[in-house]
Amino acid sequence: MKNKKILFIAALAAGFTACQPEFDKELTNAEYSAGEANFTTYVAIGNSLTAGYMDGTVSRIGQSYSYPNLLAQQFALVGGGAFTQPSYADDVNNLGGLLLGGTPIGSNRLVLNASTSSPEPIKGTSTIEVSNLQAKAFNNMGVPGAKSFHLLAPGYGNLGGVVAKTANPYYVRMATSPSATVLGDAMTLNPTFFTNWIGSNDVLAYALDGGRGEDRAGNTNPATYNSNDITDPNVFKSVYSTIINTLTANGAKGVVMTIPNVTSIPFFTTVPYNPLTSSVLGQGDTTVGDATIAQLNAQLYGPLKQALTAFGQGNRINLLNTTGGNPLLIRDESLEDLRLKLTAAFSSNPATAPYATFLGATYGQARQATAADLVLLTTRGVIATSPDGIPDPFNKFGITYPLQDEHVLVQSEINLINNATTSFNASIKQIAADKNLAVADMNAILNQLVTGITYDDGQVYNAAYFSTSRANTTVFSLDGVHPNARGYALIASEIIKVINSHYKAKLPLFNPAYYPGATVVTSN
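The structure presented is a predicted model; accordingly, all values stated were derived computationally and were not measured.

Enquirer: Could you give me a rundown of the packing of aromatic side chains, with the residues and numbers involved?
Expert: Scanning all chains against the criterion turns up 18 aromatic pairs. Ring plane angle 50 degrees and centroid distance 5.6 Å describe the contact between F358 and F394, whose orientation is recorded as tilted. Here F358 is found in helix α12 (residues 356–363), whereas its partner F394 is found in the loop between β12 (374–375) and β13 (408–409), with 36 residues between them in sequence. Residue classification places F358 among the partly exposed residues on the basis of a relative accessible area of 21%. Classification of F394 as buried rests on a relative accessible area of 10%.

Here it is, written out as structure tokens:
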């Protein structure tokens with residue numbers, strides 16, 4: 001990276017004090033107390049949220065802002081011991097990403113390119129080699145991509161399983177042996193206090209893939225699951241119980257965190273369902289846009305609505321208007337497939353007969369999106385692009401060609417996600433109550449962030465995706481799923497609040513304003 005100026009968009013104190021905690025002004029050093037907790041050996045288990053993942057990867061600097069690392073700083077004030085994380089010293093240029101045998105297997109961290117005003121992976125070659133094994137248990141045992149049952153799975157850290165995807169490259173770097181388990185390695189440290197934030201990927205992986213996986217309710221064998229499936233609720237409850245029973249076996253206390261709902265994450269809430277205005281369709285020229293809308297109505301939307309109306313399904317499609325936003329065209333697998341009926345209808349019209357079979361297959365389960373649908377953040381770069389092999393003029397994603405399953409979450413898929421999230425969180429709370437553990441309800445907290453939450457520093461923080469007007473108050477990173485440094489500071493403070501309440505401790509909070517947001521590069 002040559003001659004590249006990097007700017008951190010954040011409310012920074014003089015001298016860049018973002019790494020320093022802002023202590024609660026109502027407490028003095030003499031008043032700090034561990035209460036009923038023992039922080040001598042703190043261990044954190046979980047997934048990417050625990051590892052300090054942000055902007056699409058784990059990087060050397062990003063990891064330093066992990067919420068466990070921040071918590072350990074405050075625990076040290078009341079007797080907490082040393083806290084270790086997997087080494088990212090080899091990430092010399094702070095690019096993140098991963099290499100396997102010198103071949104990239106993970107993307108570099110996202111930055112905001114000021115010249116294009118869009119997020120993109122920072123250029124350069126990653127220097128993080130998975131096969132450089134550290135073979136050591138760390139206090140931060142967060143493993144990006146891990147589901148609940150992965151924490152108990154021998155071989156999840158076996159280098160030989162990375163290519164076959166039976167092992168996790170992040171855990172491979174730190175597993176004490178090829179047959180070790182994440183939980184087993186964590187327990188070798190004999191924790192006196194722990195945090196456990198596992199379970200998000202048991203449902204989030206399905207959501208991130210647009211609902212292309214399966215809901216495995218009723219299937220109690222995780223070995224048969226695909227990576228994008230939703231975990232059976234009984235499997236989740238059994239695994240979570242085993243994890244908590246193990247962590248508390250020697251008397252350790254801790255905090256467990258609930259699973260956020262996808263509707264609180266910018267990855268699913270940033271792209272509107274109705275972005276097709278005259279300006280957008282005319283690429284800034286509303287006159288061209290108005291003409292395009294008239295043409296689309298005459299050649300596609302009108303005939304399609306007429307045919308669907310004849311089959312009693314006219315509500316699937318409405319004509320586009322020139323005065324506001326129009327919905328995206330999507331495919332909904334939950335709809336009755338009308339391909340044969342549409343093919344017959346279009347075959348009877350000389351103007352559409354040459355395309356009748358294609359039109360029937362393409363629009364048999366098509367409809368316009370509604371406010372109840374969630375368009376994935378990654379779909380933003382797909383809208384209006386042309387899928388391979390689709391003839392003009394039907395080849396514009398979301399406009400003349402339906403967005404596919406991987407692009408949008410429809411209501412039936414959202415229902416599966418909501419049901420699983422509710423079930424998992426009920427199990428988390430019940431198991432925690434049985435062990436008298438503190439619960440940080442991250443689902444409730446992140447839901448508050450959707451509309452904005454007033455924090456202790458008086459600032460209103462939100463879960464909006466990056467924009468220059470809200471750069472100093474958003475708490476999510478550029479991947480739209482994981483927090484930025486400011487977000488992890490807020491999470492650490494929320495955990496401290498429940499520790500202070502549940503275990504009668506007196507620990508200082510963090511001021512999120514002292515932590516950076518998105519990284520902006522002037523060129524990339």
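Enquirer: Give a detailed account of the packing of helix α11 (residues 339–347) against α12, specifying residues and quantitative values.
Expert: The relative placement of two packed helices is expressed as an angle between their axes plus a distance between the axes. At a minimum axis distance of 8 Å, the contact between α11 and α12 shows a crossing angle of 145 degrees. Crossing geometry of α11 relative to α12 is assigned as right-handed. Only A356, T357, L359, G360, A361 and Y363 of α12 make contact with α11, whose side of the interface consists of R339, L342, T343, F346 and S347.

Enquirer: Can you tell me about the pattern of salt bridges, naming the residues and giving the values?
Expert: Per the stated rule, a full pass over the model turns up 12 salt bridges. Measuring nitrogen to oxygen at the nearest pair gives 2.9 Å for the salt bridge that ties D332 to R367. Of the two residues, D332 is situated in the loop between β10 (329–331) and α11 and R367 in strand β11 (residues 366–368); the sequence distance between them amounts to 35 residues. The class of R367 is buried, set by a relative accessible area of 11%. The residue D373 makes a salt bridge to R367 at a minimum N-O spacing of 2.9 Å.

Enquirer: Any details on the sheet that holds strand β8 (residues 193–197)? Residues and values, ideally.
Expert: Read across the open sheet, the 5 strands follow the order β7-β2-β8-β9-β14; overall the sheet is parallel. Sheet topology places β7 (140–142) and β14 (438–440) at the edges, where each strand pairs with a single neighbour. Between one strand axis and the next, the sheet turns by 15 degrees as a mean value, whatever way the strands run. Summarising the sheet, strand β2 (residues 42–46) and β7 pair through 3 bridges and their orientation is parallel. Looking at β7, one finds that G46 is bridged to G142. Across the face of the sheet, helix α7 (residues 233–247) comes into contact with β2, β8 and β9 (253–257) while running at roughly 170 degrees to β8. Along the sheet, helix α15 (residues 485–502) contacts β8, β9 and β14; its crossing angle with β14, the most-contacted strand, is approximately 155 degrees.

What counts and what doesn't
- Residues numbered from 1 in each chain as written.
- Predicted model: local features only at pLDDT ≥ 70, side-chain atom pairs only at ≥ 80, totals over all residues.
- Heavy atoms only, no water.
- Phe/Tyr/Trp six-rings, centres within 6.5 Å; stacked < 30°, edge-to-face > 60°.
- Helix = DSSP H or I, 4+ residues; strand = E, 2+ residues; numbered from the N terminus.
- Buried < 20%, exposed > 50% of the residue type's maximum accessible area, 1.4 Å probe, protein only.
- Axes fitted to C-alpha atoms, helices over the stretch in contact; angles between N-to-C directions.
- Left-handed = near helix turned anticlockwise from the far one by under 90°.
- Contact = heavy atoms within 4.5 Å.
- Salt bridge = Lys/Arg side-chain N within 4 Å of Asp/Glu carboxyl O.
- Pairing = 2+ DSSP bridges.

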